[in-house]
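# Topology and contacts: notes
Here's the letter readout for the chains.
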Amino acid sequence: QVQLAESGGGLVQAGGSLGLSCAASGPTFSDHAMGWFRQAPGKEREFVAAISWSGSSTHYANSVEGRFTISRDNAKNTVYLQMNSLKPEDTAVYYCAGTTEAYLTVATPKVRAYDYWGQGTQVTVSS
């Protein structure tokens, strides 16, 4: 029943910033831990960041730690990804995803932990 839709992708220069949004239609959005993944052409889908149901806990891939920030607003049924100091290697389609769990676990960085996926939004970072 949960449906996710990403927005906010675009083209930016290296060192720039971009903010992504993910709108959820499910009535139990606040019960789910949420994550962001990305996938470049010909590459595996890669974990980026995750956030617990309340927003009290977050987890980041080493490649984005200190540059990206995940947050959520349960009143708006929305999760965000603020991306700063962007690098060309950040170029990918970014996907919003939801788990069936409320909290972050050891499986949080794994694709298999997520049951709900958006269609993705393109982020391109130029040199």
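This write-up is about the structure you can find in this document. Every chain's residues receive numbers from 1 upward, in the order its sequence appears when written. Only residues with pLDDT of at least 70 get local features here, since the model is predicted, and only at 80 or more are side-chain atom pairs given and counted; chain-wide, interface and lining totals rely on the full set of residues. Hydrogens and waters are ignored; side-chain quantities use all the structure's heavy atoms.

Moving on to the pairing of strand β11 (residues 121-126). Categorising residues by exposure relies on relative accessible area from a 1.4 Å probe, with only protein chains included: less than 20% of the type maximum marks a residue as buried, more than 50% marks it as exposed, and the intermediate range marks it as partly exposed. Labels follow the DSSP assignment, with helices taken as runs of H or I lasting at least four residues and strands as runs of E lasting at least two, numbered in each case from the N terminus. With burial as the criterion, only one face of β11 is covered, namely that bearing T121, V123 and V125; the residues Q122, T124 and S126 on the opposite face remain uncovered. Here a strand pair is declared whenever DSSP counts at least two bridges between the two strands. Relative to β11, strand β2 (residues 10-13) runs parallel, the two being bridged by four bridges. Considered in β11, the bridge of L11 is made with T124. Where strand β9 (residues 92-99) lies against β11, three bridges are found, and the strand directions are antiparallel. Of the residues in β11, the one forming a bridge with Y94 is T121.

To continue, consider the pairing of β9. Most of β9 sits inside the fold, with eight of its eight residues counted as buried. Note that strand β4 (residues 34-39) and β9 share six bridges and pair antiparallel. Residue pairing in the sheet places R38 in a bridge with Y94 of β9.

By themselves, these are just geometric observations and shouldn't be taken as functional.
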